[in-house]
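Structural characterization, general
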Amino acid sequence: MRLYEGMTLGWHMNFIRSIYPNWDAPYSQLLLKRFGLRAEQKVKGLSHGQRVKATLLLVLARRPRLLVLDEPTTGLDPVARHEILRELTAVMTDERRSILFSSHNTQDVEQISDRITFIDRGRIIDSMDKETYLDRWRRLRLEVPAGIRLPTLPGIIDVRQDGRLAVATANAFAPDMASAYEGTGARVQSI
Amino acid sequence: MSGSVIRTLILKDWQLHRTQISFSMVAGVVALGVVQLRSETAFMVGTVWLFVALIVLGSMLPVSNVINERKKQSAVFLMSLPISAVQYGMAKMVSTIGMFLIPWGAMVIAGWTLVLSRHDIPNGFITLMFVLFGLPLIGFCLIAAAALVSESEGWTIAATIVSNSSYGLIWYFIIREPAINGTLKSSAPVWSAPVLAILGGEAAAIALILGLTFYLQSRKREFI
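Worth saying up front: this structure is predicted, and the values here are computed from it rather than measured.

So, about the overall build of chain A. Each helix and strand counted, chain A has seven helices and eight strands in total. Rg of the C-alpha trace for chain A: 23 Å, well past the compact-globule value of 16 Å for 191 residues, more than 25% over. Oriented by its inertia axes, the alpha-carbon framework of chain A measures out at about 70 × 35 × 30 Å. Considering chain A as a whole, with its 191 residues, one finds that 39% of them fall into the buried category. Considering only contacts in chain A between residues 6 or more positions apart, those separated by 24 or more positions represent 58%. Of the roughly 11,300 Å² of accessible surface on chain A, 51% is carried by carbon and sulfur atoms. Each charge class in chain A can be summarised by its mean position, and for the 28 positive and 23 negative side chains these summaries are 6 Å apart.

Rendered as structure tokens:
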């Protein structure tokens, strides 16, 4: 989404305000300050991070109940990313408001999501709340003595072995997986 | 809400293009200033500049107001607002045509006033002036229609080429028309049947192009 290059951020704010009567002007001023933006800045002079913040300001000050964002933190430096995520987290504290966003960055997803949905080539392949995901997805680091072959366990979706060290990734972790590996002679280093 | 949204979008386009419109107005004023230098060469040069200013504005406006908004993805910004495709289409049509009509109308009035105020230019010129001023308006309508309906840079460029390359030929035939050529030096404009037929043809062409554009714009249901 691109703003009009030759116009200022203030012009964009006035334009949106003329369409949304419930535009929250004090909140927009607060966001200007928090994001380190100036209303008189022309869009063509803004960096990528500033443009993302400006766009988010224009959206947030409308006080929408549902916010749909596509890769909101892509291409941002860590500081700008932190600022954006902090503001989105602040939105989430209001229980009447929701954010639906797409991201390839699992750190962002883990930081602000309540519910996660995986989409692959346009199809939903899994959808559940974050805590359940974090509980189910685990990485088991194993020490595998020579001559020992790791068994195929249900819920383990990937095993990578390099010499005596192996990493098994589980998408449906169960505590008895560790004992199943140890039963074959492997040693679980960490989960 | 619908009317106010369309009005807001039209105002937005005006604000975005005020520099472009101002430049064309300034170019028109300069051209008229050259015409006032009271020599035959200055009259010709000024007249050509006046039409060039209109033709350039008529070619650039649809591109910058319609095509560039798509190309630069600013239309996506508008899609995030509570605006329907019909409202957007209608606002674009009104703003594009309005932004051209203002300088065009101003130049027609200025040219008319100039001919009436100058004793060395016979009033018979007024018929030719009105016929010639209709041409950039038709050309603009054609380019704007291509831009608004197709929203494609390729089709708009094609319409611009067709429109701008036909001025010379049409001017040639108009100047050779006895009903115009033969009355240029008369003391009053002669609104003969052929002149009225040409003006009627121009008006019909404009009405047809704009009517078709309005119809097609009102049928758009999707932004993309």
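So that's the structure; there's more coming.
This brings us to the domain arrangement of chain A. Segmentation of chain A into domains returns domain 1 (1-63), domain 2 (64-130) and domain 3 (137-190). Between the C-alpha centres of domain 2 of chain A and domain 3 of chain A the distance comes to 32 Å.

Counting from both sides, the interface comprises 18 residues of chain B and, opposite them, 14 residues of chain A. Between chain B and chain A lies a buried interface of about 1,500 Å² when both sides are counted; carbon and sulfur atoms form 71% of it. Taken together, the connections running from chain B to chain A amount to zero salt bridges. Our enumeration of links across chain B and chain A arrives at four residue pairs in polar contact (both at pLDDT 80 or more). Mapped by element, the contributors of at least two residues to the side of chain B that touches chain A are α1 (2-35) and α3 (74-79) of chain B. The dominant element in the side of chain B that touches chain A, judged by the number of residues it contributes, is α1 of chain B, at six residues.

Residues and elements named next belong to chain A. As enumerated under the stated definition, the model contains 20 salt bridges over all chains in all. The partner of E5 in a salt bridge is R51, with the nearest N and O atoms 2.8 Å apart. Taken as a pair, E5 in the segment before α1 (9-19) and R51 in helix α3 (residues 48-60) lie far apart in primary sequence, 46 residues in all. Classification of E5 as partly exposed rests on a relative accessible area of 30%. Judged by its relative accessible area of 22%, R51 falls in the partly exposed class. R38 is the salt-bridge partner of E40, the closest N and O atoms lying 3.4 Å from each other. For R38, a relative accessible area of 46% corresponds to the partly exposed category.

What follows is about a nonpolar patch on the surface. All names here are of chain B. There is a patch of nonpolar side chains on the surface, built from V26, V30, V45, V48, W49, V52, V56 and M60 and spanning about 650 Å² of accessible area. Mapped by element, the contributors of at least two residues to the nonpolar patch are α1 and α2 (40-71). Top element by residues in the nonpolar patch is α2. It accounts for six residues. Take M60: it is sitting in helix α2.

Let's shift gears to the side chain of T127 of chain B. Topologically, T127 of chain B is positioned in helix α5 (residues 125-150). Once you skip the residues sitting within four places of it in the chain, T127 of chain B turns out to touch T183, P189, V190, W191 and V195 of chain B.

The tally for this structure, following the rule as stated, stands at twelve aromatic pairs over all chains. Note on F15 of chain A and F77 of chain B: the rings are 6.2 Å apart at their centroids and 45 degrees apart in plane angle, and the pair reads as tilted. Of this pair, F15 of chain A sits in helix α1 while F77 of chain B sits in helix α3, which puts the two residues in different chains. The burial state of F15 of chain A is the same as that of F77 of chain B; both residues are buried. When the centroid spacing of 5.5 Å and the interplanar angle of 70 degrees are considered together, the rings of Y172 of chain B and F173 of chain B count as edge-to-face.

Glancing now at α2 of chain B. All names here are of chain B. Here α2 contains 32 residues, and its C-alpha end-to-end distance of 44 Å stays within 8% of the 46 Å for a straight helix at 1.5 Å per residue. Within α2, the axis deviates most sharply at S64, by approximately 35 degrees. Phi for Q73, located one or two positions after α2, is positive at around 65 degrees.

Rules behind the numbers
- Residues numbered from 1 in each chain as written.
- Chains lettered and ligands numbered in written order.
- Predicted model: local features only at pLDDT ≥ 70, side-chain atom pairs only at ≥ 80, totals over all residues.
- Heavy atoms only, no water.
- Helix = DSSP H or I, 4+ residues; strand = E, 2+ residues; numbered from the N terminus.
- Rg over C-alpha atoms; globule rule 2.2 N^0.38 Å.
- Buried < 20%, exposed > 50% of the residue type's maximum accessible area, 1.4 Å probe, protein only.
- Contact = heavy atoms within 4.5 Å.
- Areas by Shrake-Rupley, 256 points an atom, 1.4 Å probe, with all protein chains shown as cover.
- Lys, Arg positive; Asp, Glu negative; His and termini not counted.
- Charge placed at Lys NZ, Arg CZ, Asp CG, Glu CD.
- Domains from an automatic or database assignment.
- Buried area = accessible area lost by both parts, 1.4 Å probe.
- Salt bridge = Lys/Arg side-chain N within 4 Å of Asp/Glu carboxyl O.
- Polar contact = N/O pair within 3.5 Å; in protein donor to acceptor, adjacent residues only side chain to side chain.
- Patch = residues over 30% accessible without salt bridge, like charges linked within 9 Å, V, L, I, M, F, W, Y side chains within 5 Å.
- Phe/Tyr/Trp six-rings, centres within 6.5 Å; stacked < 30°, edge-to-face > 60°.
- Expected span 1.5 Å × (residues − 1).
- Bend = angle between axes of the 7 residues up to and from the residue.

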